[in-house]
Amino acid sequence: MGSVITRSEEFIQKNQKTILIAVVAVLIVILAIFGLRRWYFQPREDRAASEMFAAEQWFAQGDFQKALDGDDTYRGFLAVADSYSGTKAGNLARYYAGICNLRLGNFDEAARWLKKYNGKDTFTRPLAKIALGDAEMELGNTKQAVDNYMKAANMEQNFVTAPTALFKAGMGYMILGDNTKALDCFKQVKQNYPESTEWSDIDKYIALAESAK
């Protein structure tokens, strides 16, 4: 044991300068990261959220074009998304930009922005996929639409987004002529989501899919 300690001490003595430089370098990196977070990233995040507030109000009022473009005083979602990429608010602005374009009938733009959105929360993540499915459906891309609906259905097993996604997927499958998969989607709504709005009429669609098989 003594010889091991001696060799360790000898190594430290011989490489003392190198070790010291390495320790200082690590400390500098840690301080730099902390400084960036505190004095650059967080203020930038706060500014993005603040600048998006007016656009969120316009969105809530149904003024989707103004929410996108902003006015002479406040920025819209498009400007926030472009100016604050890498922030949570900038990412959320992409989602809103996609939804606004979808409501305005700009389906190509809706799909473009929704594909850029990288959500992680319980509701907007599957809602973005459902909205992307709606845009693809309007563009005539039924297969892509169904794929997005199914992704949304599998993301969160809640009674708000999952039954909506499954129902839309079922309708898409029927358009594609795959009534077996359509029936499976409708039955999942029937069995798993009795509290959903889709549940009240789901028997009609189950019967429709069964008769079409």
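Rules of the game
Residues numbered from 1 in each chain as written. Predicted model: local features only at pLDDT ≥ 70, side-chain atom pairs only at ≥ 80, totals over all residues. Heavy atoms only, no water. Salt bridge = Lys/Arg side-chain N within 4 Å of Asp/Glu carboxyl O. Helix = DSSP H or I, 4+ residues; strand = E, 2+ residues; numbered from the N terminus. Buried < 20%, exposed > 50% of the residue type's maximum accessible area, 1.4 Å probe, protein only. pLDDT = per-residue confidence, 0-100. Contact = heavy atoms within 4.5 Å. Polar contact = N/O pair within 3.5 Å; in protein donor to acceptor, adjacent residues only side chain to side chain.

Chemist: What exactly am I supposed to notice about the pattern of salt bridges here?
Modeler: Working definition: two side chains of opposite charge can pair if their charged atoms are close together. A full pass over the atoms with the stated rule returns 7 salt bridges. Linking Arg125 and Glu156 is a salt bridge whose minimum nitrogen-to-oxygen distance equals 3.5 Å. Separated by 31 residues along the polypeptide, Arg125 in helix H7 (residues 124-138) and Glu156 in the loop between helix H8 (142-155) and helix H9 (161-176) bring together distant segments of the chain. Overall, the relative accessible area of 26% leaves Arg125 in the partly exposed class. The salt bridge partner of Lys168 is Asp134, with a shortest N-O separation of 3.0 Å. Of this pair, Lys168 sits in helix H9 while Asp134 sits in helix H7, and the two are 34 residues apart along the sequence.

Chemist: Any chance you could explain the confidence of the model for the protein here in plain terms?
Modeler: Predicted coordinates in areas of low pLDDT are best not read in detail. When pLDDT is averaged along the protein, the result is 85; 78% of the residues meet or exceed 70. Of the regions scoring below 50 in pLDDT, residues 29-40 engages in 5 contacts with residues more than four places distant in sequence or in other chains.

Chemist: Explain the environment of Arg75 here, please?
Modeler: Here Arg75 lies in the loop between helix H3 (64-69) and helix H4 (77-83). Among the residues examined, Arg75 registers a relative accessible area of 34% and is labelled partly exposed. Separated by 24 residues in the primary sequence, Arg75 and Glu51 have C-alpha atoms spaced 6.3 Å apart. There is a polar contact of 3.3 Å between the side chain of Arg75 and the side chain of Glu51.

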